[in-house]
Amino acid sequence: MLTIRQMRYFEALATTLHFGRAAEMVHVSQPALSAQIMEMEKHLSVTLIERTRSGTLLTRKGLEVLGHIRSILAGVDRLEEAARYGSGTLDGLLRLGIIPTVAPYLVPKLVPFLRREHPLIELELKEAVTGKLVSDLSEGKLDAIIAALPIEADNVVSKSLFTDRFYMAMADNESDVLLSPMTETEVDPERLLLLEEGHCLRDQALSVCKAANKRSLVNFGATSMTTLLQMVSHDMGLTLIPEMAIETETARNAIRIVPFADPQPSREIGLIWRRSSPRRTDMEALAEAVVASRENEKGRA
C-alpha cells in the first residue's frame with residue numbers, strides 16, 4: 001500500500017530531480033528516501049525514476065503518477081488544514097507569502113500588530129516574486145499571499161487591501177530638472193532602471209513609462225528595490241518607487257521624489273488565497289489586520 005510519506009518523498013524528488021536535495025527537503029537521509037521510492041516502484045510495478053549520469057529524470061509513467069500524487073497531497077493538505085484551524089481566528093500556523101516590493105515596508109508594521117492582536121498566531125513568512133508565490137499557493141505550500149492585483153490564476157480569491165501610488169525617484173544631486181508633477185512622457189527610457197525579470201514592478205514601470213519596446217531599457221536588472229535605489233542615489237538613472245517605500249528609502253538613500261500628474265499611476269495591493277481553503281474567516285481577519293497596521297502607523301507619524 002502506498003503511504004502519504006512515500007508520496008511526499010516522490011513529490012520532493014520530482015520537484016528537485018536530485019536525491020540529495022529531495023532528502024533535505026523532506027528532512028530524511030538520502031538512503032531512506034531512495035528506499036521509499038524503490039518501494040513505491042515495486043508496489044506499482046512501474047519504473048518512476050530514470051537514473052542517468054547527468055542526473056535524475058521522471059519516466060513517462062512517473063510524470064503520470066506525479067499528477068495523481070500532487071492531487072492527493074493537495075487534498076490531504078486541505079484535510080489537515082481544516083482540522084488544524086477550526087478553533088479561534090488566526091490561531092496557529094499561517095504561511096504568508098509577500099512580494100519583494102511590499103515585504104520590507106509592510107512586515108515591520110504587520111508582524112507586531114498581529115502578535116499584539118492575535119497572540120496565538122504562528123506566522124511563517126516567505127518573500128518571492130509573484131509567479132513563485134502563486135505556484136506555492138496553488139500547491140498548498142502557502143496559505144495566502146500579498147501581491148499586486150490582478151492575479152491570473154485558477155481557484156483563487158482576492159481581496160483589495162490598499163492602493164499604492166507610484167512616484168519617480170532620482171538622485172538628490174541630479175542635474176536634470178524634472179517638472180513636478182511630471183507626466184509619463186517626460187521619462188527618458190535610456191535612464192530608466194528596472195528590477196530583474198519576474199518582478200511585477202518591472203512590468204508596471206514599463207507600462208507607466210510606456211517604454212516596453214525601447215531596446216535601450218534593459219541595461220541592468222536589480223534584484224531588490226534597495227539595490228535599485230542605491231543605484232539611483234549614485235546618479236546611475238531613474239526608477240519608479242511605490243509610495244509605501246518612500247519613507248524608508250528616502251531615510252537611507254540620497255534620492256529626490258517627483259510625483260506624477262493626475263491621474264497618478266498606481267498599483268492595487270491585495271490578499272490572495274485558495275478558493276477551496278476552509279480559512280476564509282482567517283483571510284478576512286488578516287486583510288483587516290494589514291489595513292489596520294498601516295493606519296496605526298500613519299496615526300503615530
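Structure: see above.
Reading the values: rules and limits
- Residues numbered from 1 in each chain as written.
- Predicted model: local features only at pLDDT ≥ 70, side-chain atom pairs only at ≥ 80, totals over all residues.
- Heavy atoms only, no water.
- Helix = DSSP H or I, 4+ residues; strand = E, 2+ residues; numbered from the N terminus.
- Contact = heavy atoms within 4.5 Å.
- Areas by Shrake-Rupley, 256 points an atom, 1.4 Å probe, with all protein chains shown as cover.
- Axes fitted to C-alpha atoms, helices over the stretch in contact; angles between N-to-C directions.
- Parallel < 35°, antiparallel > 145°, perpendicular 65-115°, else oblique.
- Core = buried A, V, L, I, M, F, W, Y, C linked by side-chain atoms within 4.5 Å.
- Buried < 20%, exposed > 50% of the residue type's maximum accessible area, 1.4 Å probe, protein only.
- Salt bridge = Lys/Arg side-chain N within 4 Å of Asp/Glu carboxyl O.
- Phe/Tyr/Trp six-rings, centres within 6.5 Å; stacked < 30°, edge-to-face > 60°.
- Lys NZ or Arg CZ within 6 Å of the ring centre and 35° of its normal.
- Lys, Arg positive; Asp, Glu negative; His and termini not counted.
- Polar contact = N/O pair within 3.5 Å; in protein donor to acceptor, adjacent residues only side chain to side chain.

Any details on the overall build of the protein chain? Residues and values, ideally.
If you tally the helices and strands in the protein chain, you get 10 helices and 11 strands. Long-range contacts, defined here as pairs at least 24 residues apart, represent 74% of the contacts in the protein chain between residues at least 6 apart. Split by element, the accessible area of the protein chain, about 15,500 Å² in all, is 50% carbon and sulfur.

Summarise the packing of helix α1 (residues 4-16) against helix α3 (residues 30-44); cite the residues concerned and give the values.
Packing of α1 against α3 brings their axes to within 9 Å, and their N-to-C directions diverge by 105°. Considering their axes alone, α1 and α3 lie roughly perpendicular with respect to each other. Facing α1, whose interface residues are Gln6, Met7, Tyr9, Phe10 and Leu13, α3 presents Leu33, Gln36, Ile37, Glu39 and Met40.

An account of the nonpolar core is requested, with residue identities and associated values reported.
Residues Leu96, Val102, Ile146 and Leu271 are the most contacted members of the largest nonpolar core, which totals 66 residues. A total of nine residues in this core trace back to one element, the largest contributor, which is strand β6 (residues 156-171). The residues touching Val102, leaving out its near neighbours within four places in the chain, are Ile146, Met244, Arg267 and Ile269. Ranked by size, the runner-up nonpolar core spans 19 residues in total, among them Ala12, Ala23, Met40 and Ile49.

Break down the pattern of salt bridges for me, with residues and values.
Taken as a whole, this structure holds 14 salt bridges when the rule is applied. Close ionic contact of Arg95 with Asp143 constitutes a salt bridge, the shortest N to O distance being 2.9 Å. One end of the pair, Arg95, is in strand β3 (residues 92-98); the other, Asp143, is in the loop between α6 (130-138) and β5 (144-149), with 48 residues separating them in the sequence. Across this residue pair, the class does not change: Arg95 and Asp143 are buried. Salt-bridge contacts for Asp282 lead to Arg279; the nearest nitrogen and oxygen are separated by 3.0 Å. An identical accessibility class is assigned to Asp282 and Arg279; each is buried. Among the charged side chains, a network of salt bridges with common partners joins Arg95, Asp143, Arg279 and Asp282.

Could you give an account of unusual backbone geometry, naming the residues involved and the relevant values?
Most peptide bonds adopt trans geometry, and most residues besides glycine take a negative phi value. Here Leu149 and Pro150 are connected by a cis peptide whose omega angle stands at 0°. In this structure, Pro263 follows Asp262 across a cis peptide bond, with omega equal to -5°. Within the fold, Pro263 resides in the loop between β10 (255-259) and β11 (266-274). A positive phi angle is found at His27, which is not glycine, with a value near 60°. For Asp235, which is not a glycine, the phi torsion comes out positive at approximately 60°. Position of Asp235 among the secondary structure elements: in the loop between α8 (225-233) and β9 (239-242).

Describe in detail the packing of aromatic side chains, supporting the description with residues and values.
In total, this model carries zero aromatic pairs according to the counting rule given. Above the plane of the ring of Phe162 lies Arg294, whose end atom (NZ or CZ) is 3.7 Å from the centre.

Which residues make up the side chain of Glu41, and what values go with them?
For Glu41, the location among the structural elements is in helix α3. Arg51 provides the closest opposite charge to the buried, salt-bridge-free Glu41, at an N-O distance of 4.1 Å. Within polar-contact distance, the side chain of Glu41 engages the backbone nitrogen of Leu48 at 2.8 Å. Once residues lying within four places of it in the same chain are set aside, the contact partners of Glu41 are Val46, Thr47, Leu48, Ile49 and Arg51.

Honestly, it's all geometry; don't read function into it.
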